[in-house]
Structure formats: C-alpha cells, structure tokens
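Examining the three-dimensional arrangement
Residue strings, one per chain:
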Amino acid sequence: LLKDQYRIYAIMLFLSTFQWSNVLTATQITCDRYMSLPNVFMMFLVSYGLAECAGPWGLPIIGLLIGYYLSNLFHVMGMYKDLDDFYDYNIFHNPKGISAHTFKASALLSATDHLAAWEIVRHGLHHNPKDFKMLYLAAVCCKHLREEKLSKEFIFRAEQNFYLGQEDKLKKLIDKIKNN
C-alpha cells in the first residue's frame with residue numbers, strides 16, 4: 001500500500017498519536033514534552049521536508065531550527081527536575097484533575113509515606129468528593145494511619161460511587177481493603 005520510504009512515516013505517525021489516545025491512558029500524564037514521540041516525529045518530518053524541498057538551504061535551516069529548539073529547551077528544562085515536580089506542577093495548575101493526585105498518592109503509598117499520601121488525597125477529595133479512586137485511596141491511607149472508623153466511612157462512600165460498568169472489578173478492591 002505504501003512505498004518503503006513512506007511506510008516508516010506511517011508507522012511513526014501511528015505511534016506518535018497512539019500515546020495520546022484513550023487506549024493507553026496511563027501514559028498520558030507521564031508523557032513529557034521532552035520525550036514525547038510526536039516531537040520526534042515532527043522533527044523527523046520537518047528535517048526530511050526541508051532536506052527534500054529546500055535544496056542547499058535545507059541544512060542551514062535545520063541547524064537554525066535545532067538551535068532555536070535547544071535554546072527554548074534549555075530555558076524551560078528546569079521546570080520539572082523530577083517526577084515529584086511534574087506531579088506538583090499538574091496538581092497546582094489543574095487541581096480538579098484526578099490523575100496527578102492518584103499517581104502521586106499511589107507512589108507515596110508504595111514508598112510507605114502514608115501521611116504525605118493522605119495530604120495529596122485530601123486535596124484531591126476537596127475538588128472531587130465523589131470520585132472512586134480518591135475515595136479508595138483515602139480509605140487505604142486511613143487504614144495505614146490506623147483510622148479504622150474513617151477508613152470504613154471512605155469505603156462506604158467509595159461503594160456508592162463505583163465507575164459505571166466496573167462494579168465487579170472495583171468491588172474486589174473494596175473487599176481486599178475490608179479484609180486487611
């Protein structure tokens with residue numbers, strides 16, 4: 001269907017848009033602008049287009065574009081020094097977003113920093129008081145902090161707010177925390 005030289009472009013185009021689709025929702029929040037595949041694809045496409053169409057001026061223009069990109073990159077590179085800064089940035093600028101809250105709280109729970117996870121969950125619940133993930137994480141945090149009564153309250157609220165069509169799957173999570 002496509003010639004050999006265009007097949008790689010089609011594959012790159014597919015892969016570059018695939019990460020932003022709802023098929024891999026876990027990659028959406030962690031896809032950083034420095035490492036995202038669409039940037040690689042666009043640089044490849046622009047370079048190829050200039051090399052083919054601009055003739056002898058193609059290489060100097062590509063060099064100028066790379067210099068411009070690197071100068072902008074150098075300026076903003078300190079924005080996210082690590083993954084915590086990335087989550088903090090997203091929580092601050094999108095406090096109603098659930099993903100950054102849940103990812104950071106889950107990471108803190110994995111690192112057994114239950115009190116810090118509770119602070120993130122509490123902030124997320126302020127903006128999303130009926131979200132299942134936030135209520136579930138609140139129950140887990142309270143369980144680890146030995147607040148059994150509060151944990152049961154969050155479990156009850158989480159059971160009232162299952163995501164549609166996922167009741168069976170999420171019920172297993174609730175049963176797991178109830179039995180521990």
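The model shown is predicted, which means the values in this text are computed figures rather than measured ones.

In this structure the tally under the stated criterion is three salt bridges. Two residues, lysine 143 and glutamate 148, come together in a salt bridge whose shortest N-O distance is 3.4 Å. On the accessibility criterion, glutamate 148 (37% relative accessible area) is partly exposed.

Applying the stated criterion across every chain yields a total of four aromatic pairs. Centre to centre, the rings of tyrosine 87 and phenylalanine 103 are 6.4 Å apart; their planes meet at 20°, and the pair counts as stacked. Here tyrosine 87, found in helix 5 (residues 83-93), pairs with phenylalanine 103, found in helix 6 (residues 99-110); they are 16 residues apart in sequence, far enough to count as distant. On the basis of relative accessibility, which here comes to 6%, the residue tyrosine 87 falls in the buried class. Connected via pairs of aromatic rings, a cluster forms that spans Phe132, Tyr136 and Phe162.

The subject of this paragraph is a nonpolar patch on the surface. Together, Met42, Leu45, Val46, Trp57, Ile61 and Leu65 make up an exposed nonpolar region whose accessible area comes to about 530 Å². A total of three residues in the nonpolar patch trace back to one element, the largest contributor, which is helix 3 (residues 37-53). Note on placement: tryptophan 57 falls in the loop between helix 3 and helix 4 (58-76). Accessibility expressed as a relative area gives 62% for tryptophan 57, which makes it exposed.

Below, the discussion takes up the confidence of the model for the chain. With 81% of its residues at a pLDDT of at least 70, the chain reaches an overall mean of 79. Least confident of the elements in the chain is helix 2 (residues 26-30), whose mean pLDDT is 52; most confident is helix 7 (residues 114-127), at 94.

Let us look at the environment of leucine 45. Along the polypeptide, leucine 45 turns up in helix 3. A relative accessible area of 34% means that leucine 45 is categorised as partly exposed.

Attention now moves to the side chain of serine 151. In this fold, serine 151 is placed in helix 9 (residues 148-159). On the accessibility criterion, serine 151 (2% relative accessible area) is buried. A distance of 3.0 Å separates a polar atom in the side chain of serine 151 from the backbone oxygen of alanine 139. Contact partners of serine 151, with chain neighbours within four places excluded, come to Ala139, Cys142 and Lys143.

For the rest of this paragraph, the subject is helix 7. Compared with the 20 Å implied by 1.5 Å per residue over 14 residues, the 20 Å span of helix 7 between its first and last C-alpha is a close match. Residues of helix 7 that are buried include every one of His114, Ala117, Trp118, Ile120, Val121, Gly124 and Leu125, and no others. What you see down the axis of helix 7 is that its buried residues fit within an arc of 165°, all on one side. Counted as exposed and oriented over 90 degrees from the buried face of helix 7: Leu115 and His126. Next to the buried residues of helix 7 lie helix 5, helix 6, helix 8 (132-144) and helix 9.

Conventions we followed
Residues numbered from 1 in each chain as written. Predicted model: local features only at pLDDT ≥ 70, side-chain atom pairs only at ≥ 80, totals over all residues. Heavy atoms only, no water. Salt bridge = Lys/Arg side-chain N within 4 Å of Asp/Glu carboxyl O. Buried < 20%, exposed > 50% of the residue type's maximum accessible area, 1.4 Å probe, protein only. Phe/Tyr/Trp six-rings, centres within 6.5 Å; stacked < 30°, edge-to-face > 60°. Helix = DSSP H or I, 4+ residues; strand = E, 2+ residues; numbered from the N terminus. Patch = residues over 30% accessible without salt bridge, like charges linked within 9 Å, V, L, I, M, F, W, Y side chains within 5 Å. Areas by Shrake-Rupley, 256 points an atom, 1.4 Å probe, with all protein chains shown as cover. pLDDT = per-residue confidence, 0-100. Polar contact = N/O pair within 3.5 Å; in protein donor to acceptor, adjacent residues only side chain to side chain. Contact = heavy atoms within 4.5 Å. Expected span 1.5 Å × (residues − 1). Arc of directions from axis to C-beta.

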